[in-house]
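Residue strings, one per chain:
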Amino acid sequence: MIFITFTDREFTLSNDQECLNEITTFIEKAIVDAGISKNNVIGIGIGMQEAVRNSNSELSNYFLEDLISLKEHLESNLNLSVIVDIDTRTIAVAEQILGKAKGVDNALVVKTSRALGLSIIADRHIIKGSHGVAGKINHTHFKKGIRLCDCGKTGCLGTEIGGNALLGDLKSAIIDGEVSIHFSKSHLFDYTYHDILDAASKGDELSIKLIQEQGFKLGKALGNIINILDPELVILGGEFVMVKDFFIDPVKMGINKTSQINTAQRCEVIASTLGRYLGAKAGACMLLKACDMIEF
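Keep in mind the model is a prediction, meaning the values are calculated, not measured.

K.L.:
Can you lay out the nonpolar core for me, pointing to particular residues and giving the numbers?
P.N.:
Nonpolar side chains tend to gather and get buried jointly when the protein is soluble and globular. Counting residues in each nonpolar core, the largest one holds 42 residues, and the members touching the most others are I137, L218, L222, V234 and L236. For this core, the secondary-structure elements that each account for two or more residues are β3 (107-112), β4 (116-122), α4 (163-175), α5 (193-201), α6 (205-229), β6 (233-237) and α7 (245-258). In terms of residue count, the dominant contributor to this core is α6 (nine residues). Every residue in contact with I137, bar those within four places of it in the chain, is listed here: L116, G117, L118, L157, L218, A221, L222 and I225. Counting residues in hydrophobic clusters, the runner-up holds 20 residues, among them V104, I126, L233 and L274.

K.L.:
Any chance you could break down the pairing of β3 for me, citing the residues and the numbers?
P.N.:
Most of β3 is tucked away: six of the six residues are buried. Residues A107, V109 and K111 point to one face of β3 and L108, V110 and T112 to the other, with burial holding for every one of them. As paired elements, β3 and β4 share six bridges and run antiparallel to each other. Its bridge partner being in β4, V110 is matched across the sheet by L118. Count of turn residues in the β3/β4 antiparallel hairpin: three residues. In terms of strand pairing, β3 meets β6 through five bridges, oriented parallel. When the sheet's bridge partners are listed, A107 is paired in β6 with L233.

The rules behind each value
Residues numbered from 1 in each chain as written. Predicted model: local features only at pLDDT ≥ 70, side-chain atom pairs only at ≥ 80, totals over all residues. Heavy atoms only, no water. Core = buried A, V, L, I, M, F, W, Y, C linked by side-chain atoms within 4.5 Å. Buried < 20%, exposed > 50% of the residue type's maximum accessible area, 1.4 Å probe, protein only. Helix = DSSP H or I, 4+ residues; strand = E, 2+ residues; numbered from the N terminus. Contact = heavy atoms within 4.5 Å. Pairing = 2+ DSSP bridges.

Pasting the structure below:
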């Protein structure tokens, strides 16, 4: 099994034909650039943020305006088998096969990147729920808030944690008069959340503060879930892991705030070892698992 990763940090997922064509072209180019014959590719695994079901009850339909199934479109254009699932769930599969969840019966796999996601492993099975969307921690109600979630409600945890939320936190902080040598009021709309993560890694006090506040909030939410599910392990993945203890230590503090002491003491909280850009590995692991070609 060979993993070859191509990354486009400028890509933005949108619900239109142009984005669909961009995804198709990117995959075609990745296969060509990898120097692999298409005859040697058994299929494509794709993790999608907030993937939803189509009329065939498959997690593959994202481009709803034209009723285009991503799965069917790619299979038709690439002449390859395609499996699509929620990105955090594909990451959990990768953790079971290559990462810290291997051999673990009960675990929570958390992804904190642009958005927040959760996958639940119970008795070594990844819980999907009756409609395939279990684990939506980002839509749990956290507090009375003013940020509108894409679900149409306010107060969702996903509006408080993740890259999009981090950008909002930075803008609010700078407007309120907080200072940083890395960020200025005149360029607020030019920054990405990657800039904040990078600044924290360089010791920027404001960036560290904002990330720690998010970590503590996430920990408080996870503490409640730990009380319910009693996992033995919580794996923190996604791009926020690049700042390591600046994020992970506050998560642990938040967990201790809301979870029962004995339960929290039996649950280890660790960072994923699979790296920031594990999407290719996760998609491949999901595909191989579906084909019964890999053990976990």
